[in-house]
Amino acid sequence: MGDEEDARRRAALRALLRRPLLTAESDPEVLVLVRRHQAELRDWLSRETGWRLQVDAEMARLFKTVPTLDDGTHPARGRAGEPFGRRRYVVLCLALAVLERADAQTTLGRLAEEVLNAAAEPDLAFPFSLDSRAERSDLVAVVRLLLGLGVLRRVSGDEESYLSATGDVLYDVRRAVLAALPTGARGPSTVTAAGFEERLAELVDEPVPDTDELRNRALRRGLTRRLLEDPVVYYDDLDDAERAYLVSQRAAITRRIEEAAGLVAEARAEGVAMVDPDDELTDVRMPEQRTDGHVTLLVAEYLSDRDGAGWDELTVFVQDMAERHKAFWRKGVTEPGAAEELLDLALGKLAALRLVEVTPGRVRARPAIARYAVEKPTIRLPRGVADRPLTENTRRAEP
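This write-up is about the structure you can find in this document. (Residues numbered from 1 in each chain as written. Predicted model: local features only at pLDDT ≥ 70, side-chain atom pairs only at ≥ 80, totals over all residues. Heavy atoms only, no water.)

1. Considerations on helix 1 (residues 2-18)
Step number 1: End to end, helix 1 covers 24 Å across 17 residues, agreeing with the expected 24 Å (1.5 Å per residue, within 8%).
Step number 2: Where helix 1 is concerned, the buried positions are Ala12, Leu13, Arg14, Ala15, Leu16 and Leu17. (Helix = DSSP H or I, 4+ residues; strand = E, 2+ residues; numbered from the N terminus. Expected span 1.5 Å × (residues − 1). Buried < 20%, exposed > 50% of the residue type's maximum accessible area, 1.4 Å probe, protein only.)

As structure tokens, this is what we get:
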């Protein structure tokens with residue numbers, strides 16, 4: 001019975017790590033599981049990460065805070081997987097502000113009008129209109145994100161009719177879910193900094209511990225957050241205090257994560273990764289099937305035995321691969337500009353997985369990419385004869 005309860009509690013934590021906002025409509029069975037184990041989950045999360053867990057009959061919200069503020073590799077995405085850009089993020093913030101003052105029900109048309117009014121306010125003066133289909137598509141992408149989060153519930157209509165100007169959509173506004181979205185360590189109204197980066201830093205700022213015990217607790221929580229959130233934690237990315245603490249306490253920290261979340265520690269000289277054997281706790285998978293997944297794997301293999309490569313070199317490589325694999329990849333991969341698009345998608349995934357660092361004009365390979373190196377196969381010859389690499393002919397003849 002104890003093992004079964006541990007497994008259920010582990011499943012509940014994994015569900016929260018995978019989807020920090022659970023609702024009774026979207027995840028009814030998981031929400032029941034989280035509610036059953038909320039006391040143990042709240043205790044572990046508070047002790048090991050400092051994250052707050054809020055649970056009620058309708059919703060479970062894990063208030064996670066990001067380890068760093070400069071990571072743009074995991075954006076919100078639209079229905080087709082396209083990343084949100086600056087305009088969509090601004091529209092999202094405006095929509096949330098509008099919904100905060102909205103009635104219990106609203107329509108997409110009314111929401112659009114109020115977002116336009118908010119964008120035109122003198123303090124913002126954000127250039128946004130609904131004259132083009134692209135801008136209407138941005139608003140629809142934001143609405144669909146809010147539907148997925150449970151902030152809105154569709155009552156009637158559909159967004160496609162709005163895009164084609166043939167109809168409208170009616171929504172319920174779920175204020176409890178809306179109020180649970182912000183995850184900052186302090187209320188936005190208390191932030192006094194002027195610049196964007198400074199305001200963002202102040203929003204998530206936490207008090208500086210003034211004793212050794214509290215400082216160690218803050219280090220443990222911060223490192224546990226990074227190990228749970230980041231695909232790889234490199235020692236070079238940590239400051240001196242974090243690095244020293246992780247080196248000395250790595251076994252204890254990773255053991256607690258393994259026991260609580262079912263992740264497996266993979267430690268190397270360059271850093272630590274918590275690997276998910278079930279491949280569930282990630283928004284970027286590798287390897288993947290289809291064209292984009294194959295390109296990403298090939299680029300990773302190409303960079304695995306190099307310190308890095310220039311954009312032009314990688315573009316030529318992708319062009320060569322497209323010619324070689326065009327019979328199996330999607331149409332158009334050999335058209336002008338296609339290699340650049342494929343490379344951009346591949347590097348986005350590799351950067352999100354902390355396998356490369358992308359800079360203007362060059363891509364630097366990071367140590368963990370070595371796991372995608374492909375060694376040349378060898379055949380074992382009779383004793384006294386040295387191994388030799390397989391040629392194309394011998395490779396085909398190998399059973």
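Anyway, onward from the coordinates.
2. Side note on the environment of Val295
Step number 1: Position of Val295 relative to the elements: it lies in helix 12 (residues 290-303).
Step number 2: C-alpha separation for the pair Val295 and Trp329, spaced 34 residues apart in sequence, amounts to 9.4 Å.
Step number 3: With sequence-adjacent residues up to four places away left out, Val295 is seen in contact with Val318, Trp329, Leu342 and Ala346. (Contact = heavy atoms within 4.5 Å.)

3. Quick word on the environment of Ala265
Step number 1: Inspection of the secondary structure puts Ala265 in strand 8 (residues 264-268).
Step number 2: Along the chain, Ala265 and Asp276 lie eleven residues apart, while their C-alpha atoms are 9.0 Å from each other.
Step number 3: Ignoring sequence-local partners within four residues, the contact set of Ala265 consists of Thr254, Glu258, Ala273 and Met274.

4. Section: the packing of aromatic side chains
Step number 1: The tally for this structure, following the rule as stated, stands at three aromatic pairs.
Step number 2: Consider the rings of Phe126 and Phe128, whose centres lie 6.5 Å apart with planes at 20°: the pair is stacked.
Step number 3: Exposure remark for Phe126: the relative accessible area of 9% places this residue in the buried category.
Step number 4: For Phe128, a relative accessible area of 9% translates into the label buried. (Phe/Tyr/Trp six-rings, centres within 6.5 Å; stacked < 30°, edge-to-face > 60°.)

5. Section: the pairing of strand 12 (residues 362-365)
Step number 1: Here strand 12 shows a clear split, with Val363 and Ala365 buried on one side and none of Arg362 and Arg364 buried on the other.
Step number 2: Pairing analysis gives three bridges linking strand 10 (residues 308-310) to strand 12, with the strands arranged antiparallel. Its bridge partner being in strand 12, Gly310 is matched across the sheet by Arg362.
Step number 3: With four bridges joining them, strand 11 (residues 356-359) and strand 12 adopt antiparallel strand pairing. (Pairing = 2+ DSSP bridges.)

6. Thoughts on the pattern of salt bridges
Step number 1: Tallied over the entire structure, the rule returns 40 salt bridges.
Step number 2: Note that Glu48 is salt-bridged to Arg220, the shortest N-O span being 3.3 Å. With a gap of 172 residues between them, Glu48 in helix 3 (residues 38-48) and Arg220 in helix 10 (residues 212-229) connect regions that are remote in the sequence.
Step number 3: Exposure remark for Arg220: the relative accessible area of 15% places this residue in the buried category. (Salt bridge = Lys/Arg side-chain N within 4 Å of Asp/Glu carboxyl O.)

Honestly, it's all geometry; don't read function into it.
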